[in-house]
Amino acid sequence: MHLSAVATDAEGYIFLKLTYECKLSKIRIKFRKACEKQKKKKKRIRKMVGRCRTRITAQLELKAPPYSLDALEPYMSRETLEYHWGKHHRGYVDNLNKQISGTDLDGLALEEIVVRSYNRGNPLPPSTMLPRSIWNHDFFWSSMKPGGGGQPRGVLLELIERDFGSLEGLLNEFKQAALTQFEKDNKLVVQKSPNAVNPLVWDYHPLLVVDVWEHAYYVDYQNRRPEFVSTFIEKLISWDAVSARLEEAIAQAAARAEEDERRREEEDGVMDDGDAIEMYLDTENESEAE
Amino acid sequence: MVHAVLCFHYSFQNLKQKDQLRGSRRTSRIVAFYGLTAPPYELDALEPYMSQKTLEIHWGKHHRAYVDNLNKQLANSPLYGLTLDELVKVAYNNGNPLPEFNNAAQVWNHNFFWESMQPDGGYMPAAGLLQQIEKDFGSFPNFREKFITTAMSLFGSGWVWLVLKKEEKKLAVVGASNAVNPLVWGDIPIITLDMWEHSYYLDYRNDRGKYVNAFMDSLVSWQSATARMARAEAFVNLGEPKIPVA
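Residues numbered from 1 in each chain as written. Chains lettered and ligands numbered in written order. Predicted model: local features only at pLDDT ≥ 70, side-chain atom pairs only at ≥ 80, totals over all residues. Heavy atoms only, no water.

As recorded by an unreviewed UniProt entry, chain B carries the name Superoxide dismutase and is attributed to Spirodela intermedia. In the Sequence similarities (unreviewed entry) part of its UniProt record, chain B is described as follows: "Belongs to the iron/manganese superoxide dismutase family." Heading Subcellular location (unreviewed entry) of the UniProt record for chain B holds this comment: "Plastid, Chloroplast". (UniProt positions renumbered as here; feature names shortened; annotations may be inferred.)

As recorded in an unreviewed UniProt entry, chain A goes by the name superoxide dismutase, listed as coming from Spirodela intermedia. Chain A has a UniProt comment under Cofactor (unreviewed entry) that states "Fe cation". Recorded in UniProt under Sequence similarities (unreviewed entry), the annotation for chain A is "Belongs to the iron/manganese superoxide dismutase family."

And the structure:
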């Protein structure tokens, strides 16, 4: 609707323009040419509108990092970000859009696509690394910030001290994991607490990620991965983002727990009468009666 | 007096050490030690397709680190006295790799990789190898395309191999992730290309296509491939050569 409004406006504008032009033939020819151009444009617009009406495709977008590309200097150079975000991440998004257009994964949110294409460990074609890579990279950009590093605060700090002993314990374990990661996957740090049991593919709620693919650090650090990981921890981590995610995770976990409770109560209540059992035995009649 | 005592003490210690050595020789372990083999050309010989800086870091830091780490691991491991090939196969443990596998396989792979390239490489193989490629892939351009496609479709880190399959008795292009190489399946590798990002990131950044094409056009060493093919034919019977009848 929006697009066709533009078309009529343009038409109206051209019409108005005509009344003020003088009647020299040259101008008439110009007008005719302009009209034809506009007709073609309208045709194109109508085609697009028509397409929009028949098929709504929500293509995945490339989300930009929440800071400019040179904001993480000198720890992560602008060149790295230009390549890492501008070429690798963008490439993943474009390829995934190409692959899922027309399939039933089209139009879904990214998390949905990640979980569905993982298919509980039996990955479906097309390539399922792409949705996870895209998601991981989005997560990675928001795990960092200019002037990052420092200390976590509040609930996050408490949980870290509870599960890892101290911040140093967490960081050592994190570094160790990042340095011994041989396969090219991102390593997620999982809060070892029952409250953090929540989706993505392993049913955990990720809080922080560091990309240890070589393209993430090769331009700046070449093979010096330990230096990169240390710098990430000391100078780039956005503990605010981690805290925010932790709050989200806690809220989600609480909501889930509530729902489970509620469902359990319902089931308990239903199982007391005999109706529930009948519902499963005879599907069609019962459901119609319901 | 004191002097004498000291001397005695010293020689007693010596005896003790000798005893220890004698004793330990019976139960002594031979700790394997693998060395870092250098590429058979200067580090700037592959310019401009693979810069000297890349080779300095790829060979001088990555490959060297794999060797050093492997030696450190083997100091405390029962896997000693094996050649590198054997170590790779043993450490692969039929799909359940031991901790030494990654380092051992990467050392082997990189040795092979340096040999798979030469300055002024590329173009086409000659005679026997070319015939075999044409027989198994249809034509040389077909093979080239298959190699490039396999390399580009590898996700993450890995290696692309041209192998001679022992059972099927033909050449094939195989892609493998991380450090896996054809030795573990019992096939005979002929050439390889490193698709880990550290191999091309400095020269080509994310343009993998350009890197693979440069390898095929200007770096691959068909001479060493032919030599390996000749050696492989001692293990695999490829049938009678097609000698044209006059």
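## Here we look at the overall build of chain B
Looking only at helices and strands, one finds 9 helices and 3 strands in chain B. Listed by position from the N terminus, the elements making up chain B come as α-α-α-α-α-α-β-β-β-α-α-α. Among the 246 residues that make up chain B, the fraction classed as buried is 48%. For chain B, contacts bridging at least 24 residues in sequence account for 70% of all contacts bridging at least 6. Carbon and sulfur atoms make up 55% of the accessible area of chain B, which totals about 13,200 Å². (Helix = DSSP H or I, 4+ residues; strand = E, 2+ residues; numbered from the N terminus. Buried < 20%, exposed > 50% of the residue type's maximum accessible area, 1.4 Å probe, protein only. Contact = heavy atoms within 4.5 Å. Areas by Shrake-Rupley, 256 points an atom, 1.4 Å probe, with all protein chains shown as cover.)

## A short note on a negative patch on the surface
Residue and element names in this part refer to chain A. On the surface, Glu265, Glu266, Glu267 and Asp268 cluster together into a negatively charged patch. Looking at the secondary structure, you find Glu266 in helix α10 (residues 239–272). For Glu266, a relative accessible area of 51% puts it in the exposed group. (Patch = residues over 30% accessible without salt bridge, like charges linked within 9 Å, V, L, I, M, F, W, Y side chains within 5 Å. Salt bridge = Lys/Arg side-chain N within 4 Å of Asp/Glu carboxyl O. Lys, Arg positive; Asp, Glu negative; His and termini not counted. Charge placed at Lys NZ, Arg CZ, Asp CG, Glu CD.)

## A word on the domain arrangement of chain B
Residues and elements named next belong to chain B. Parsing chain B into structural domains produces domain 1 (52–116) and domain 2 (127–236). The straight-line distance from the C-alpha centre of domain 1 to that of domain 2 is 20 Å. Taken together, the contacts link 21 residues of domain 1 with 26 residues of domain 2. Together domain 1 and domain 2 conceal approximately 1,900 Å² of surface at their shared face, both sides included; 65% is due to carbon and sulfur atoms. On the domain 1 side of the contact with domain 2, Phe112, Phe113 and Ser116 bury the most area, a combined 29% of that side's loss. Inspection of the domain 1/domain 2 interface yields 1 salt bridge. Of the charged contacts in the structure, one is a salt bridge between Glu115 and Arg228, with a shortest N-O distance of 2.8 Å. Our enumeration of links across domain 1 and domain 2 arrives at 11 residue pairs in polar contact (both at pLDDT 80 or more). (Domains from an automatic or database assignment. Buried area = accessible area lost by both parts, 1.4 Å probe. Polar contact = N/O pair within 3.5 Å; in protein donor to acceptor, adjacent residues only side chain to side chain.)

## With respect to the pairing of strand β3 (residues 188–194) of chain B
All names here are of chain B. Judged by how many residues are buried, β3 sits mostly within the fold: 7 of 7 residues are covered. Taken together, the 6 bridges between strand β1 (residues 158–165) and β3 define a ladder with antiparallel strand orientation. Each bridged residue has a counterpart across the sheet, and for Val160 the counterpart in β3 is Leu193. (Pairing = 2+ DSSP bridges.)

## Quick look at the pattern of salt bridges
Counted according to the given criterion, the structure contains 12 salt bridges over all chains. Between Arg144 of chain B and Asp217 of chain B there is a salt bridge, with the nearest N and O atoms lying 2.4 Å from each other. Of this pair, Arg144 of chain B sits in helix α6 (residues 140–153) while Asp217 of chain B sits in helix α8 (residues 208–219), and the two are 73 residues apart along the sequence. Residue classification places Asp217 of chain B among the partly exposed residues on the basis of a relative accessible area of 42%. Because the salt bridges share partners, they merge into one network encompassing Asp70, Arg78 and Glu82 of chain A.

## Overview of helix α6 (residues 154–164) of chain A
All names here are of chain A. Those residues of α6 not exposed but buried are Leu156, Leu159, Ile160, Asp163 and Phe164. In a view along the axis of α6, the buried residues occupy a sector of 105°, so they form one face of it. Turned more than 90 degrees away from the buried face of α6 sit Glu158 and Arg162, all of them exposed. Once α6 finishes, Gly165 follows within two positions and takes phi at roughly 90°, a positive value. (Arc of directions from axis to C-beta.)

## Thoughts on the sheet that holds β3 of chain B
Residue and element names in this part refer to chain B. Reading across from one edge, β2-β1-β3 is the order of the 3 strands in this open sheet, with antiparallel pairing throughout. The two strands at the open ends of the sheet, each matched to only one other strand, are β2 (170–177) and β3. The sheet shows a mean angle of 20° between the axes of neighbouring strands, taken without regard to direction. Bridge analysis of β1 against β2 gives 8 bridges, and the strand direction is antiparallel. Bridging from a neighbouring strand, Gly158 pairs with Ser177 of β2. (Axes fitted to C-alpha atoms, helices over the stretch in contact; angles between N-to-C directions.)

## Some details on the packing of aromatic side chains
All names here are of chain B. Per the stated rule, a full pass over the model turns up 20 aromatic pairs over all chains. Centroid distance Phe137 to Phe143: 5.1 Å. Interplanar angle 55°. Geometry classified as tilted. The exposure class of Phe143 is buried, given its relative accessible area of 0%. When the ring of Phe143 is compared with that of Phe147, the centres are 5.9 Å apart and the planes differ by 55°; the resulting orientation is tilted. Remark: Phe147 and Phe143 occur in helix α6; sequence separation between them is 4 residues, near one turn of the helix. No difference in accessibility class separates Phe143 from Phe147, as the two residues are buried. Among the aromatic side chains, those forming a connected cluster through ring pairs are Trp108, Phe112, Phe113, Trp114, Phe137, Phe140, Phe143, Phe147, Trp159, Trp161, Phe215 and Trp222. (Phe/Tyr/Trp six-rings, centres within 6.5 Å; stacked < 30°, edge-to-face > 60°.)

## What to know about the interface of chain A and chain B
With 17 residues of chain A at the contact, the number on the chain B side is 19 residues. At the boundary of chain A with chain B, total buried surface from both sides reaches about 1,800 Å², with 62% on carbon and sulfur atoms. One can count 1 salt bridge joining chain A with chain B. Between Glu79 of chain A and Arg205 of chain B there is a salt bridge, and its shortest N-O distance comes to 2.6 Å. In this assembly, chain A and chain B are joined by 6 residue pairs in polar contact (both at pLDDT 80 or more). Residue assignment for the side of chain A that touches chain B shows that the elements contributing at least two residues are α3 (78–100), α5 (129–142) and α8 (218–221) of chain A. The element contributing the most residues to the side of chain A that touches chain B is α3 of chain A, with 5 residues.

## Considering helix α7 (residues 197–204) of chain B
Buried residues dominate α7 of chain B, accounting for 7 of its 8 residues. Restricting attention to buried positions, one finds in α7 of chain B the residues Glu197, His198, Ser199, Tyr200, Tyr201, Leu202 and Tyr204 of chain B. Structurally, α7 of chain B contributes buried residues whose contacts are with α3 and α8 of chain A together with α2 (52–75), α4 (100–115), β3 and α8 of chain B. Remark: Arg205 of chain B follows α7 of chain B within two positions and exhibits a positive phi of approximately 50°.

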